[in-house]
Amino acid sequence: MSLTEQDLRQQISDFGRSLFNRGLSAGSSGNISVRLDDGWLMTPTNCCLGNLDPADISRLDAQGNLLSGKKPSKEFFLHAAFLAQRPQDKAVVHLHSTYATAVACLAGHDAHNMLPALTPYSIMRLGPVALTPYHPPGDPRLGEEIALVAAKHHCVLLANHGPIVAAPTLAAAVYAAEELEETAKLYITLMNHQPRLLTPAQIDELKQKFSTAGDPDAKTCC
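Just so it is clear, the structure is predicted and the values come from calculations on it, not from any experiment.

1. Focus: the pattern of salt bridges
All told, the structure shown has 10 salt bridges when counted by the stated rule. Put simply, Arg 9 and Glu 5 hold a salt bridge, and the shortest N to O gap is 3.1 Å. Within this pair, Arg 9 and its partner Glu 5 are both found in helix α1 (residues 5-21), separated by four residues, close to a single helical turn. The exposure class of Glu 5 is partly exposed, given its relative accessible area of 30%. Arg 125 serves as the salt-bridge partner of Glu 179, at 4.0 Å between the closest nitrogen and oxygen. One end of the pair, Glu 179, is in helix α6 (residues 170-190); the other, Arg 125, is in helix α4 (residues 120-125), with 54 residues separating them in the sequence. Judged by relative accessible area, Glu 179 falls into the buried class, the value being 17%. Salt bridges sharing common partners tie together Glu 5, Arg 9, Asp 38 and Arg 59.

Written out as structure tokens, the structure is:
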């Protein structure tokens, strides 16, 4: 059953509150968007995801012009650039969650695969996580960097900034953002040890059975 705009507004509010209450989005950081058939819904600028009023959520046309609600996040262009490369996806979640941001601050990693294969859920929900070069928040070059990696990565770390995730539904984007944070937490916890990683054969088995990188036609992972 397709969701109405009011349903989606309520979803954005409910998921925003959940993310905030669990410490995944502090203060007024983070933003959420959902692409509609004729435009967008976007969390407002300088808002706290913990107390979103569904009526205040920005309603934008397909070009990003404000139609109703409060002024949208200045990072709308990031969301638009991401989904322009991913027609199968409809929602984007951008957070400043602690552990994913910590990984985004690390140097010397593979920018196309920032996290090791620690758990099956990191493979099923995330796929390879990319890193984009640093630019200041609100800099249009961030959108250009996202556009370069978005076709092959639905989970991306903005260097020294935070994670951004796209998925076919808002629920799927939130779950992937949560899985990214948990995988990053495991990685930071284990990085001075020698963890046992999933083998290439085990990773291939998961890819054959379950969805990765937001494939809407693949079997769900749980």
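Additional details are given in the paragraphs that follow.
2. Some points on the environment of Ile 57
By secondary structure assignment, the location of Ile 57 is in the loop between β2 (39-42) and β3 (58-61). Taking relative accessible area as the criterion, Ile 57 reaches 0% and is therefore assigned buried. Along the backbone, Ile 57 and Lys 209 are 152 residues apart, and their C-alpha atoms lie at a distance of 37 Å.

Reading guide: rules and limits
- Residues numbered from 1 in each chain as written.
- Predicted model: local features only at pLDDT ≥ 70, side-chain atom pairs only at ≥ 80, totals over all residues.
- Heavy atoms only, no water.
- Salt bridge = Lys/Arg side-chain N within 4 Å of Asp/Glu carboxyl O.
- Helix = DSSP H or I, 4+ residues; strand = E, 2+ residues; numbered from the N terminus.
- Buried < 20%, exposed > 50% of the residue type's maximum accessible area, 1.4 Å probe, protein only.

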